[in-house]
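# Chains, contacts and geometry: an overview
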Amino acid sequence: MSSILSRALVLLALPTSLLAHGAADMDCPLPSCVSGDEMEDAGLSMLQRRAVATAAAQILDEAAVDAVRAAKMERFLAELHAQGQCDDGPGDRRAASCAVENCKRCLGSGAVLMYDPKNGDEGFTSCKYQLPIKGAPSTYCGEGFGDNTKKAGKVEDCQCCRGETAVLDYDSSAADGIGYTYCKP
């Protein structure tokens, strides 16, 4: 968002440089002191300032929309991960196909599989929450914002994590209307 804001600020700064000559240099601010060419330059500069301000406002509006969308997505994922539908279980599951991805699907990008050999007869594997990893994907196992039901490889990712009978289910009303595709066993 900072790059968008800096683009808008650059656009807002342009009119000052455009007015560095012409009517801004005059000693007399009255219209009677200004020639026709200088009036046209001043009018053109005013139109340019208005156009640049409008473009800057549009960039800031787009940044605000993107920020709201990102906040909705983050809040939705936090609620989804709070449900904690992880596939914890007996034995050492850390090397199982897609086990790490399924753990991250459940508790986010920072989640890790932990094996405790002293828990039960064969030990026990648990998916433990840790802070999300900045820049890491936020969705796993074919899940994601929007309709992923027909995207290449997403069904296979889902079935790897949740079993051969797992399916992708798109809910257009999820995530405050952004829509979300769930991997359901």
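Anything mentioned here points back to the structure above.
Note that the coordinates shown come from a computational prediction; the quantities given were computed from them, not determined experimentally.

## Remarks on the nonpolar core
Core analysis: the biggest nonpolar cluster contains eight residues, these being Cys-86, Ala-99, Cys-103, Cys-106, Leu-107, Ala-111, Leu-113 and Cys-127. In terms of residue count, helix α3 (residues 99-107) provides more of this core than any other element does, four residues in total. With sequence-adjacent residues up to four places away left out, Leu-113 is seen in contact with Arg-93, Arg-94, Ala-99, Val-100, Cys-103, Thr-125, Ser-126 and Cys-127. In terms of nonpolar packing, the next biggest core, distinct from the first, is built from six residues, Phe-145, Ala-174, Ile-178 and Tyr-180 among them.

## A short note on unusual backbone geometry
One non-glycine residue, Cys-98, lies in positive phi territory at about 65°. Counting through the fold element by element, Cys-98 comes out in the loop between β1 (89-90) and α3. Cys-98 gets classed as buried once you look at its relative accessible area, which sits at 19%. Its identity is not glycine, yet Ala-175 carries a phi of approximately 55°, on the positive side.

## Observations concerning the side chain of Thr-181
Note on placement: Thr-181 falls in strand β6 (residues 180-184). Thr-181 gets classed as buried once you look at its relative accessible area, which sits at 0%. There is a polar contact of 2.6 Å between the side chain of Thr-181 and the backbone oxygen of Gly-146. Polar side-chain contacts of Thr-181 include one of 2.8 Å to the backbone nitrogen of Asn-148. In this structure Thr-181 touches Gly-142, Glu-143, Gly-144, Gly-146, Asp-147, Asn-148, Thr-149, Leu-168, Asp-169 and Tyr-170, once residues within four positions along its chain are discounted.

## Some points on the environment of Cys-183
Note that Cys-183 resides in strand β6. By relative accessible area, which is 3% here, Cys-183 ends up buried. Separated by 24 residues in the primary sequence, Cys-183 and Gln-159 place their C-alpha atoms 8.1 Å from one another. Look past the residues within four positions of Cys-183 in its chain and what remains in contact with it is Cys-141, Glu-143, Cys-158, Arg-162, Ala-166, Val-167 and Leu-168.

## Here we look at the sheet that holds strand β4 (residues 144-145)
If you walk across this open sheet you meet the three strands as β4-β6-β5, and the pairing is antiparallel. The outermost strands of the open sheet, each flanked by one partner alone, are β4 and β5 (167-171).

## What to know about the packing of aromatic side chains
According to the stated counting rule, one finds two aromatic pairs in the structure shown. On the basis of an interplanar angle of 80° and a centroid distance of 5.2 Å, the ring pair of Phe-145 and Tyr-180 is categorised as edge-to-face. Pair noted here: Phe-145 is in strand β4 and Tyr-180 is in strand β6, with a separation of 35 residues, a long-range link. Here the two residues Phe-145 and Tyr-180 agree in accessibility, since each one is buried. Ring centres 5.0 Å apart and planes at 70° place the aromatic pair Tyr-180 and Tyr-182 in the edge-to-face group. We note that Tyr-180, like Tyr-182, is buried. Taken together through their ring pairs, the aromatic side chains of Phe-145, Tyr-180 and Tyr-182 make up a single cluster.

## So, the pairing of strand β3 (residues 124-128)
Here is the key point about a regular strand: its side chains alternate between the two faces of the sheet. As defined by bridge partners, β1 adjoins β3 across two bridges and the pair is classed as antiparallel. Bridging from a neighbouring strand, Gly-89 pairs with Thr-125 of β3. Where strand β2 (residues 112-116) meets β3, five bridges bridge the pair, whose relative direction is antiparallel. What sits directly across from Tyr-115, in β3, is Thr-125.

Conventions we followed
Residue numbering note: each chain is counted from 1, following its sequence as written. Selection of residues for local features in this predicted model requires a pLDDT of at least 70, selection of side-chain atom pairs for listing and counting requires 80 or more, and totals for whole chains, interfaces and linings are taken over all residues. The basis for every side-chain value is the complete set of non-hydrogen atoms in the structure, without hydrogens or water. Residue types Ala, Val, Leu, Ile, Met, Phe, Trp, Tyr and Cys, when buried and joined through side-chain atoms within 4.5 Å, form a set referred to as a nonpolar core. Three labels apply to residues, based on accessible area from a 1.4 Å probe with only protein chains included: buried if under 20% of the type maximum, exposed if over 50%, partly exposed otherwise in between. Elements are defined by DSSP. Helices are runs of H or I of four residues or more, strands are runs of E of two residues or more, and each kind is numbered from the N terminus. It only takes one pair of heavy atoms within 4.5 Å for two residues to be counted as in contact. Nitrogen and oxygen atoms within 3.5 Å of one another constitute a polar contact, given that in protein one can donate a hydrogen and the other can accept it, and given that sequence-neighbouring residues count only through two side-chain atoms. Here, strands pair whenever DSSP counts at least two bridges between them. For this analysis, a ring pair means two rings from Phe, Tyr or Trp (six-membered ring only for Trp) whose centres lie within 6.5 Å, classed as stacked if their planes differ by under 30 degrees, edge-to-face if by over 60, and tilted for the remaining angles.

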